[in-house]
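# Observations on chain architecture
This is what each chain is made of:
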Amino acid sequence: DTLRALGAELVFFSPLADAALPVCDALWIPGGYPELHAETIAANKAFKNSLAGHVAAGKPVWAECGGMMALFDTLVTLDGQRHAQWGVLPGEVTMQKLLAGLGPQQLALESGTLRGHTFHYSTTATPLQPAVRTSRPHTEPSDDAGEAVWQVGGVRASYFHAWFPSCPEVVVELFTASVEVTA
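Nothing here was measured: the structure is a model prediction, and the numbers come from that model.

With 27 residues, the main nonpolar core has Leu-51, Met-68, Leu-71, Trp-86 and Leu-89 as its most contacted residues. Of all the elements, helix H4 (residues 66–71) adds the most residues to this core, at four residues. Excluding residues within four positions of it along the chain, Leu-89 makes contact with Met-68, Leu-71, Phe-72, Asp-73, Leu-128, Trp-150, Val-152, Val-155 and Ala-157. The next biggest cluster of nonpolar side chains, apart from the first, holds 14 residues, and it includes Leu-3, Trp-62, Val-149 and Phe-175.

For any pair of aromatic rings, geometry is given as the distance between the ring centres together with the angle between the planes. Applying the stated criterion to the full structure yields five aromatic pairs. On the numbers, 5.8 Å between centres and 20 degrees between planes, the contact of Phe-13 with Phe-47 is stacked. Placement of the pair is Phe-13 in the loop between helix H1 (2–5) and strand E1 (27–29) and Phe-47 in helix H3 (residues 45–56), with a sequence separation of 34 residues. Ring geometry for Phe-47 against Trp-86: centres 5.5 Å apart, planes inclined by 45 degrees, an arrangement best described as tilted. You can see Phe-47 sitting in helix H3 and its partner Trp-86 sitting in the loop between strand E4 (82–84) and strand E5 (89–95), a full 39 residues away along the chain. Each of the two residues, Phe-47 as well as Trp-86, counts as buried. Of the aromatic side chains, those joined through ring pairs into one cluster are Phe-13, Phe-47 and Trp-86.

What follows covers the pattern of salt bridges. Counted by the stated rule, this structure contains one salt bridge. Across the pair Glu-92 and Arg-82 runs a salt bridge whose closest N-O atoms are separated by 2.7 Å. Here Arg-82 lies in strand E4 and Glu-92 lies in strand E5, a separation of 10 residues in the sequence. A residue is classified by how much of its surface remains accessible, and Arg-82, at 54% relative accessible area, is exposed.

About the criteria used
Residues numbered from 1 in each chain as written. Predicted model: local features only at pLDDT ≥ 70, side-chain atom pairs only at ≥ 80, totals over all residues. Heavy atoms only, no water. Core = buried A, V, L, I, M, F, W, Y, C linked by side-chain atoms within 4.5 Å. Buried < 20%, exposed > 50% of the residue type's maximum accessible area, 1.4 Å probe, protein only. Helix = DSSP H or I, 4+ residues; strand = E, 2+ residues; numbered from the N terminus. Contact = heavy atoms within 4.5 Å. Phe/Tyr/Trp six-rings, centres within 6.5 Å; stacked < 30°, edge-to-face > 60°. Salt bridge = Lys/Arg side-chain N within 4 Å of Asp/Glu carboxyl O.

Here it is in structure tokens:
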């Protein structure tokens, strides 16, 4: 509803069933359970290539939790099986039996502070340094608290689940930030 109120035209797709992204200016990949569909995600090479084209064009991507997990090179399931994913972010996500993150969070960006939460049973291992971190409500971000927000070009991804109505100005920033692509 917030995206529509901001003037966005929403077009839905399935990374499991569709061979390509729909034509779009920006992409939101919300949470989900890629560990339950890791083989299907790995097998859909056409979708992976379409996503790579979107990213290469410098178009914005905001991915949350499960959406972020699928952006990494590899997902390791609880039984130890390794599955290739979309390869947009370097590194791997490993599922765990115990909860790895839970609770309210906030993301402070230039245009304001977006509230939301975190809830996940996996961890990431990546050479990337966080572009920014979330923090608990009414606290300042620090290196050892909150969720990392990974950024590669126009792609931003985190375990943080954003509540868009809490700060539409940040939502605009997330979905309009792009990178200049040089040929």
